[in-house]
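# Topology and contacts: notes
If you want the building blocks of each chain, they are given just below.
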Amino acid sequence: MAKYREFKGLNLPEIDSEILDFWTKDQIFEKSVTSKPEDKTFVFYEGPPSANGLPGIHHVMSRTVKDLFCRYHTMKGFRVERKGGWDTHGLPIELSVEKELGITKEDIGTKISVDEYNAKCRETVMRYKDLWDDITRKMGYWVDLDNPYITFKNDYIESVWWILSQLYQKDLLYKGYTIQPYSPAAGTGLSSHELNQPGCYRDVTDTTVVAQFKTIKETLPAVLQNLGEVHILAWTTTPWTLPSNTALTVGPKIDYAVVKTFNQYTFDAINVVLAAALVEKQFGGKFKKVETEAELSNYSVNDKTIPYYIVTEVKGSELLGIRYEQLLPYVLPYQNPENAFRVIGGNFVTTEDGTGVVHTAPTFGADDARAAKEAVPEVPPMLVLDDKGNPVPLVDLQGKFRQEMAELGGKYVKNEYYEEGKAPERSVDVEIAIRLKEENKAFKVEKYVHNYPHCWRTDKPILYYPLDSWFIKATAMKDKMVELNKTINWKPASTGEKRFGNWLENLQDWNLSRSRYWGIPLPIWRNADSTEEICIDSMATLEAEIKKANTKLGLHQELPKDIHRPYIDEVVLVSSTGEAMRREADLIDVWFDSGSMPYAQWHYPFENKDKIDRGQSFPADFIAEGVDQTRGWFYTLHAIASMVFGKVAFKNVVSNGLVLDKNGVKMSKRLGNVINPFDTIKLHGADATRWYMIANAPPWDNLKFDMAGVEEVKRKTFGTLYNTYSFFALYANIDGFTFEEAEVPLAERPEIDRWIIALLNDLIKQVDADFADYEPTNAARRIEEFIDAHLSNWYVRLCRRRFWKGDYTQDKIAAYQTLYTCLEAISRMMAPIAPFFADWLYKNLNDTTGKQGAVSVHLADFPPVDASAMDAELLERMDYAQRISSLILSLRKKDNIRVRQPLQKILLPVLNAGFKEQVEAVKDLILAEVNIKTIEYITDTDGVIHKKAKPNFKTLGKKLGKHMKAAGEIIAALDQKTISAIERENAYTLEVDSEQYELNLEDFEIISEDIPGWTVATDRGITVALDVNITDELYNEGIARELVNRIQNIRKDSDFEVTDRIIVNVEDHEVVRKAISSFSDYIRNEVLANEIRLSDSFDGTMTEIVEGVEVGLSVVKA
RNA sequence: AGUCUCGUAGCUCAGUUGGUUAGAGCACUACACUGAUAAUGUAGGGGUCGGCGGUUCAAAUCCGCCCGAGACUACCA
């Protein structure tokens, strides 16, 4: 006969490896996909990790989230393909290669060739693939590791090119300037990643200037017309950018003051405009405020203080459109100079420091460039044409002023850029400051300490500099993206609505260019003067273009085998006029790689067209990654899908939080607080780790990872469930229960069976809804609660004797069936979160009974809800039973009466109709659980209940408003008669503060907290009183129970089989003699004794029965 | 600096559309229970619900400001 497996103890890691072998051998993962219908798919995208770094515990977190919803939907009958993937390009890989080889970017092309460098990157990028594959298997993450997409493969790149070409054709790709951090000393742009290296931001002392911009009178608003010359003040920490000034930006809502005073360098009378809030700050030191304009005329040049007078105030919005004379008129912008030198608005302007007016040089400031661009008409940046006719800023790539700058031409804009000892005494900042002072254009010149970024390689200050870049015109598609985002189900919702929504609202064009080596090359070729360009959309097109160029230019080029740099750079194409076209040297942003994965993973549109066009694999039903991907992968997926296909890329997205250490500190190697996922899983098992992560906090909250929590999960949830199974297996094996019998109809099973089955179905329904709603934490917590509080500590505890007592009757079969059903349903419900243990439990049950067709829980269906088994009243009365029992135990404790001592009765006040019937139905359970003989119900007609009325704040609050407080006191003081009357008539007239209110029963909560003369206990409307009188008979029965307990302990200690019959020898004693004579049958029955012998002679160990009574007791096998 | 998230017992977390005395588990103490138990029950200690102000009869809950932790974006005159 088939037996259930029995174990010595719970060993989760052992279960992991056993089940892992089973999955591999029987190809369970493959079957879980292929056994589902092809036309019912649940589409999942794997966000590709980089195998260049080691897997950490946070990867276990995000992958648990991914895995569990995929498993859940598999069990709901969907086909869930999970193609793995690897992110292989990008700066971190380049940096790690450079570190390893001990080189810098400057060495590329000299010490090492580009192809050697790229070969090294390609080699490095998969360095930890084996470790990743290992953790993937060990944590139970089901993903196809055999056919992953890899972003450096030609096929993948070809798809990316195709997507880019689609954007190109939609006119969403353009080349333009952007202001980027740039290191003139190193001759390279810097990424924000590089800028965030420690030590890059340093305090430096710079010469700062508050410059006076002279306005053109005709353009001033009326209030400023009759003052004479008016200057606007603007502050800068980089005076070298002043020649490039083309606008002044004010805050439209900011108040500006017009101040009459004298220039401290030229002593000229001036009118200046600055933010009202900053007047005192700017007019500190030698300035002194005066209250009348007349006082100004007293000023003479030799005075120690300079008077100033506030003439009036205007809003920033009134200043818009004012024109001013160019401050340092070396050159004019080559484009639309008539639109330069005017006041524009910007919401980034603050009154924290400076003058509340921002000197705007669009060529050297990102904010400046944006404000200038958004102004209508657009403010031109200060660009001039070089000798080739290309627009360039006034500072060249070495960081020197161009020759157009006359006396400043050829000088570095920062003294730090000169070679050691070559720097001039006066920096250009100082030279400019002096000139402005002389020309009545400087209001104030000061040294100022501020934080400024430095290049991490050259240690010199960086410039913000306009660099050529390719952009995707994402702003053109903003509305579409916003609209589509509203259809996406974000978990948590706030990430989608707020964080992602705000990001879309403030969308900038996507800067695609990266001046690097290891990445997807931009597939755009241009002729020398950029009048013609081509965007390649496939290998076939490239090959055709190569052939065309070969013919026209007489070359012998071939399609490169590897389309990375440097090979792709060597390809020369030909323009319509027969000119050579060369590739734009940039690579594309790696984020574009990963955002293209829905299509590129299938080599779309060159293969697998249906996957996208017919929606078999697009859009995704579900994706999940860390919340840090909001502006990363989530955005790039969304942007590309919106722009190229006009669709969302994903319908549901879970963004999980970070995994911190147990103190809430970010894990880092430096702090040594990193949790090693391999060690954790090896020690505690994958399931305990997964369960802990899911149950402890919702995935989107940060998780403070505490190993003690994993241990608790192991002990409490898995330990309890294991014990419940062990208990089942032990007795089912004895009785030979293999679920061969027909199911006992629910109606014929006892109350408690119907209860646990009703509760189980309730649980299934809720857990199913939780999973469907992407709320795994609720699901896990419900399952835990069921296993521990209900199944183990109520059902099994109360039913124990049904399993080991008596013959193999229908009641016993019902008990086995009920427990089996619960265990099996739990295994299926928990399978998404705890895939190993669930399968182990499922197989232990199903391999013996063969009830289910599926050999693995992961091939089985999620348990269906049996609506006919659900019963709200039943759940309510069992809740009563649990609470009443708990109250009785509490009363026993108060009087120090052991549970083994039977008591006669409890009193239970009946307050509402139906309560008595409900309790009657579970009466036997209560009485057995707390060892009481009877329940006596009392009603208020008995006159022993003391009722109390409490206000129902919810209903009364609305009616009474501010009289609530007074009413509460009145209601609490209502007497018995009045309360009875309210109950009888369902009406009461309350008079409070001389106002009358008609109330009904609903407005009160009537409870009975007291039964005069009895000790009572109360819990949420239920009150219990306990009769603590112990009669002789009750006493004897108590002794009998004590004897049973001692004998059972001896059996257990002697390692008797649970079925062994015994003979008991008890030393004679008055107390035990009485008990045995009255309860002999009971005792023998309980302990499986053929005989109980009382003898005067001492026999066996001395055993205390009750306090003060000690007798000799021995037990032998019959 | 901006945007967003979080802040409840020593620790991890619940806390419904605002409603009476803010809960659970872990840990600690005592007692009890156990023929499944690394389990469980009962009782106890432990809270200015981050702070201040506001709305309201009533605020952990709604609003404003501030403090702290974290993430992302940016780094600016």
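Residues numbered from 1 in each chain as written. Chains lettered and ligands numbered in written order. Predicted model: local features only at pLDDT ≥ 70, side-chain atom pairs only at ≥ 80, totals over all residues. Heavy atoms only, no water.

Turning to the confidence of the model for chain A, a few remarks are in order. Averaged over all residues, the pLDDT of chain A is 87; the fraction at 70 or higher stands at 97%. Across chain A, the element-wise mean pLDDT spans from 61 in helix 8 (residues 192–195) up to 97 in helix 2 (residues 28–34). Model confidence for the complex: the whole-complex pTM is 0.85, and ipTM, which rates the interface, is 0.89. (pLDDT = per-residue confidence, 0-100. Helix = DSSP H or I, 4+ residues; strand = E, 2+ residues; numbered from the N terminus.)

If you walk across this open sheet you meet the 4 strands as 4-3-17-19, and the pairing is antiparallel. With one partner strand each, in any of the chains shown, strand 4 (188–189) and strand 19 (510–511) form the two edges of the open sheet. As judged from the 10 bridges shared by strand 3 (residues 173–183) and strand 17 (residues 463–472), these two strands associate in the antiparallel manner. Counted as the bridge partner of Y182 is L463 from strand 17. (Pairing = 2+ DSSP bridges.)

Inspection of every chain in the model, using the stated rule, returns 2 cavities of 30 Å³ or more. Its boundaries defined by the atoms lining it, the largest cavity holds a volume of some 70 Å³. Lining the largest cavity we find E46, P49, R63, G84, G85, W86, K129, D133, T136, V143, L145 and P148. Looking at side-chain class alone, the lining of the largest cavity contains 5 nonpolar, 3 polar and 4 charged residues. There is about 30 Å³ of room inside the second largest cavity. Lining the second largest cavity, in full, are S32, R71, T74, M75, R82, W142 and H858. The dominant element in the lining of the second largest cavity, judged by the number of residues it contributes, is helix 3 (residues 57–75), at 3 residues. For the lining of the second largest cavity, the per-class residue count stands at 2 nonpolar, 3 polar and 2 charged. (1 Å grid on protein atoms, 1.4 Å probe; cavity = no way out; pocket = protein on both sides within 12 Å on 5 of 7 lines; lining within 4 Å. Points joined across faces, edges and corners; volume = space filled by probe spheres on them. Nonpolar A, V, L, I, M, F, W, Y, C, P; charged D, E, K, R; others polar.)

On to the sheet that holds strand 27 (residues 650–656). Read from one edge to the other, the open sheet built from 3 strands follows the order 18-27-26, with strand pairing classed as parallel. A single partner strand is all that each edge strand has here, and the edge strands are strand 18 (489–491) and strand 26 (620–626). Put simply, the sheet's adjacent strands are angled 15° from each other on average, direction ignored. Packed on one face of the sheet, helix 3 meets strand 26 and strand 27 and runs near 165° to strand 26. (Axes fitted to C-alpha atoms, helices over the stretch in contact; angles between N-to-C directions. Contact = heavy atoms within 4.5 Å.)

This next bit is on the packing of helix 24 (residues 776–804) against helix 25 (residues 810–830). The N-to-C vectors of helix 24 and helix 25 enclose an angle of 160°; their axes lie 10 Å apart at closest approach. The orientation of helix 24 with respect to helix 25, classified from their angle, is roughly antiparallel. Judged by the twist between their axes, the crossing of helix 24 over helix 25 is left-handed. Contacts between helix 24 and helix 25 pair I783, F786, I787, L791, Y795, V796, R802, F803 and W804 from the former with D811, K812, A814, A815, Y816, T818, L819, C822, L823, I826, M829 and M830 from the latter. When its residues are assigned to classes, the contact of helix 24 with helix 25 shows 17 nonpolar, 1 polar and 3 charged. (Parallel < 35°, antiparallel > 145°, perpendicular 65-115°, else oblique. Left-handed = near helix turned anticlockwise from the far one by under 90°.)

Before going further, it helps to spend a moment on the protein's contact with RNA strand B. Taken together, 62 residues sit near RNA strand B, with W235, R900, Q1048, R1051 and V1058 positioned nearest. When atoms of RNA strand B within 4 Å of the protein are split into backbone and base, the sugar-phosphate part holds 56%. The separation between a phosphate oxygen of RNA strand B and a polar side-chain atom of R800 is 3.2 Å. Take the surface near RNA strand B: its biggest share by element is 7 residues, from helix 24. Considering only residue class, the surface near RNA strand B consists of 19 nonpolar, 19 polar and 24 charged. (Near = heavy atom within 4 Å. Polar contact = N/O pair within 3.5 Å; in protein donor to acceptor, adjacent residues only side chain to side chain.)

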